[in-house]
Amino acid sequence: MTVYSDILGVTGPIHPTLFLATRRREFLRKKQKKMGGDSLSVRAAMVRKSLQKSQSITDDVVSVLGSFDHRLSALETAMRPTQIRTHSIRKAHENIDRTLKAAEVILAQFDLCRQAEAKIVRGPHEDLESYLEAIDQLRRNIRFFSSNKGFKSSDGVLTHANTLLSKAISKLEDEFKQLLKSYSKPVEPERLFDCLPNSLRPSSGSPGDSNAKNPSSNNHHEHHNSNLDNAVYTPPALIPPRVLPLLHDLAQQMFQAGHQQKLLLIYRDTRSSVLEESLHKLGVEKLSKDDVQKMQWEILEAKIGNWIHYMRIAVKDLWHLLKFLFVICLHQCLIMLQQVKLLFAGERKVCDEMFEGFDSLGDQCFAEVTRSSVLVLLSFGEAIANSKRSPEKLFVLLDMYEIMRELHSEIETIFVGKACAEIRELASSLTKRLAQTAKKTFGDFEEAVERDATKTAVSDGTVHPLTSYVINYVKFLFDYQSTLKQLFKEFENEDEGGSQLASVTNQIMRALQTNLDGKSKQYRDLALTHLFLMNNIHYMVRSVRRSEAKDLLGDDWVQRHRRIVQQHANQYKRNGWGKILQCLTIQGLSSSGGSSVAGDGGNSSGVSRAIVKDRFKTFNMQFEELHQKQSQWTVPDTELRESLRLAVAEVLLPAYRSFIKRYGPLVENGKNPQKYIRYTAEDLERMLGEFFEGKNVNEPKR
């Protein structure tokens, strides 16, 4: 057991059966190992034999394939000439097909060119649309031969086609000119009536309506302003709508031919003369500075009123009616100028439709056609602005300045582009020139008021013509408040022009008062001096209170000048009635030496009857003199006149009654009392009612 353990390499006792089994397995393993080595040798030998056989087969196959390659190369060499001949035949067929097709296209172009030439030779008169199609076809022919320069006759064909096209365009220009001229006729004013809104169409009695003669009626202006804001204008068809598409097509052909300048000249020469003649029929005329200087003011003022309307309506819709002194012509001028606006609107429409799609050519044509007419209007404004300044021109200058400012944005919009730059610049220059002239005229007026050297005084002390002129002038100025404020803002660099307007108005009023003070010194009678100043300053106050000037000058100005009026009224009473009231006082009635009139009803107070009689005689004489003189004086304001009579009566009548009551018996008890006591208090009151009526000397007494 131990030996077995050592052999097996284990410790402990081993069973005999196990030992035998182990030995058997070891024997079998060694045997298998020996048999395996012999099998590998056999297999390697078999592989070598197979490889040798495969190599032999490969060599045989390579030999066969080599013979095939040689045969194919020989076959390819034999077939190459046939392939070359086949390719040449195919290329020849393709070239023939292309040539035939090109020939067909060229021949077709020749046919089309001959057809177009035949139509062009006949001219555009018979069939204008066919003529235009022929020109288009000729242009296509030119483009075709220009892109096919390889054709040996292409140069000759192009020369012929271009010559023919030039002749065609020349005939087209003549046709365009003839067609445009045929349908461009001056528009009669009557034809434009139907294009006006109903509110502006002439109606019976409108032009000469006497009720329309109030130039300062705000309701009148607001009514027209409201109507015109909602007015709808229908521009007239200056060229029949059926003709415009044909003219557009003709113009397009000329444009494509590069004849833009020729097109512009034809359109300008034809349409501008027609437009000028139409405006002439409406009364628009060109006046130079010399013409303006020589013209009477009444005629010039009416023409300025027309100009204002021309400018407003030629550029845009009329927003409101402007005031000018000759309102009797206003309705007729309004209709006329609406027609001017419609003419320009119609011309703009013609240009837009005829030159649609021609870049800026439409704007250029419109500028060329309207330039002359617009320049006529602007040149008249320049002539007025550059003419000799005078106060009566201020209002029309303000009207003209106002309309130019109002139309600034419209002018910039309508006369847009480089072509209309001259018109825009002239309009802007005129606006500035009018503003400068208006401002200088305003200053001239203030200076003229202060320096007015009229020597003729109003003999009756009434309101002086200068006062009414200046006040009416100022009242009219307040119809231009917004315009004046804008004007002062431009020159004074102020945010608010109202304060400047108030300051200038105050200066004018002070200048007027200064002048009136000077004129009042022409009177020898101080009572008449103060009556004159009272009348005139009261007229100023009343006019300011009843106008918009009150809001600008303020209540302080009104109250201050009302006190001045009262002061002059008091001075009139003091200077006019102080002397006669002295006759009714008791001073100086005592008899000299203390003698009295006894037995004759004399009083015990020592009053001299002779002195009393003398007092009555003096009173009678002075009152009659005052009555004769002051009944020729005038206080035109009814309320002021009654107030002044009452003020005199309140002083005179109580004093007269008291004097008669106290000293009348001294005279009544003597001889011929009626010689001294000629008037009762009631007689005096009645006669006071005749004062300040402005009666003539030869007028019979009431």
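Residues numbered from 1 in each chain as written. Predicted model: local features only at pLDDT ≥ 70, side-chain atom pairs only at ≥ 80, totals over all residues. Heavy atoms only, no water.

## Details of the layout of surface pockets
Then comes step 1: Empty space within the largest pocket amounts to approximately 480 Å³.
Then comes step 2: His538, Arg562, Val565, Glu639 and Leu640 are the residues nearest the centre of the largest pocket, which is lined by 18 residues in total.
Then comes step 3: Only α18 (526-545), α20 (555-582) and α22 (638-668) provide two or more residues apiece to the lining of the largest pocket.
Then comes step 4: The leading source of residues in the lining of the largest pocket is α20, at six residues.
Then comes step 5: Here the residues of the lining of the largest pocket are counted per class, giving seven nonpolar, four polar and seven charged. (1 Å grid on protein atoms, 1.4 Å probe; cavity = no way out; pocket = protein on both sides within 12 Å on 5 of 7 lines; lining within 4 Å. Points joined across faces, edges and corners; volume = space filled by probe spheres on them. Helix = DSSP H or I, 4+ residues; strand = E, 2+ residues; numbered from the N terminus. Nonpolar A, V, L, I, M, F, W, Y, C, P; charged D, E, K, R; others polar.)

## A short note on the nonpolar core
Then comes step 1: Core analysis: the biggest nonpolar cluster contains 149 residues, and Phe176, Met354, Phe355, Trp577 and Phe623 have the highest contact counts within it.
Then comes step 2: Sorting elements by how many residues they give to this core places α22 first, with 12 residues.
Then comes step 3: Setting aside its immediate chain neighbours within four residues, phenylalanine 355 contacts His248, Ala251, Leu263, Tyr267, Leu361, Gly362 and Cys365. (Core = buried A, V, L, I, M, F, W, Y, C linked by side-chain atoms within 4.5 Å. Buried < 20%, exposed > 50% of the residue type's maximum accessible area, 1.4 Å probe, protein only. Contact = heavy atoms within 4.5 Å.)

## Focus: the packing of helix α12 (residues 394-406) against helix α15 (residues 465-477)
Then comes step 1: Across the interface, α12 lies against α15 with an axial gap of 11 Å and an inter-helix angle of 5°. As summarised for this structure, α12 and α15 are arranged roughly parallel, according to the angle between their axes. Across the interface between the two elements, Leu394, Phe395 and Leu398 of α12 pack against Tyr473, Phe476 and Leu477 of α15. (Axes fitted to C-alpha atoms, helices over the stretch in contact; angles between N-to-C directions. Parallel < 35°, antiparallel > 145°, perpendicular 65-115°, else oblique.)

## Looking at the environment of methionine 534
Then comes step 1: Checked against the element boundaries, methionine 534 lands in helix α18.
Then comes step 2: In sequence terms methionine 534 and threonine 462 are 72 residues apart; their C-alpha atoms lie 9.1 Å from each other.
Then comes step 3: Filtering out sequence-adjacent residues up to four positions away, methionine 534 remains in contact with Val565, His568, Ala569, Val635, Leu640 and Leu644.

## Re the packing of aromatic side chains
Then comes step 1: Tallied over the entire structure, the rule returns 18 aromatic pairs.
Then comes step 2: With centroids separated by 5.6 Å and ring planes inclined at 70°, the aromatic side chains of phenylalanine 395 and phenylalanine 476 adopt a geometry described as edge-to-face. Taken as a pair, phenylalanine 395 in helix α12 and phenylalanine 476 in helix α15 lie far apart in primary sequence, 81 residues in all.
Then comes step 3: Aromatic pair phenylalanine 395 and tyrosine 480: ring centres 6.1 Å apart, planes at 40°, arrangement tilted. (Phe/Tyr/Trp six-rings, centres within 6.5 Å; stacked < 30°, edge-to-face > 60°.)

## Section: a positive patch on the surface
Then comes step 1: A cluster of like positive charges, contributed by Lys177, Lys181, Lys185 and Lys262, occupies part of the molecular surface.
Then comes step 2: What makes lysine 185 exposed here is its relative accessible area of 53%. (Patch = residues over 30% accessible without salt bridge, like charges linked within 9 Å, V, L, I, M, F, W, Y side chains within 5 Å. Areas by Shrake-Rupley, 256 points an atom, 1.4 Å probe, with all protein chains shown as cover. Salt bridge = Lys/Arg side-chain N within 4 Å of Asp/Glu carboxyl O. Lys, Arg positive; Asp, Glu negative; His and termini not counted. Charge placed at Lys NZ, Arg CZ, Asp CG, Glu CD.)

## Quick look at the packing of helix α11 (residues 361-386) against α12
Then comes step 1: Put simply, α11 and α12 touch, their axes get as near as 11 Å, and they point 140° apart. By the angle class used here, α11 and α12 are oblique. The interaxial crossing formed by α11 with α12 has left-handed handedness. Between α11 and α12, the residues in contact are Leu378, Gly381, Ile384 and Ala385 and Leu397, Met400 and Met404, respectively. (Left-handed = near helix turned anticlockwise from the far one by under 90°.)

## Regarding the pattern of salt bridges
Then comes step 1: Applying the stated rule across the entire model yields 13 salt bridges.
Then comes step 2: The partner of glutamate 368 in a salt bridge is arginine 268, with the nearest N and O atoms 3.6 Å apart. Taken together, the residues glutamate 368 in helix α11 and arginine 268 in helix α7 (residues 260-282) connect sequence positions 100 residues apart.
Then comes step 3: In this structure, a network of salt bridges that share partners links the residues Arg268, Asp269 and Glu368.

## Re the confidence of the model for the chain
Then comes step 1: Averaged over the chain, the pLDDT score is 75; the fraction of residues at 70 or greater is 73%.
Then comes step 2: Counting interchain partners and residues more than four positions distant, the pLDDT-below-50 stretch residues 203-226 has 26 contacts.
Then comes step 3: A low-confidence stretch, residues 593-604 (pLDDT under 50), is modelled with 12 contacts involving residues beyond four sequence positions or located in other chains. (pLDDT = per-residue confidence, 0-100.)

## Side note on the side chain of threonine 483
Then comes step 1: Take threonine 483: it is sitting in helix α16 (residues 481-492).
Then comes step 2: On the basis of relative accessible area, threonine 483 is assigned to the buried category, the value being 2%.

## Side note on unusual backbone geometry
Then comes step 1: The phi torsion at phenylalanine 692 lies on the positive side, around 65°, for a residue other than glycine.
Then comes step 2: If you trace the backbone, phenylalanine 692 turns up in the segment after α23 (681-688).
Then comes step 3: A relative accessible area of 2% means that phenylalanine 692 is categorised as buried.

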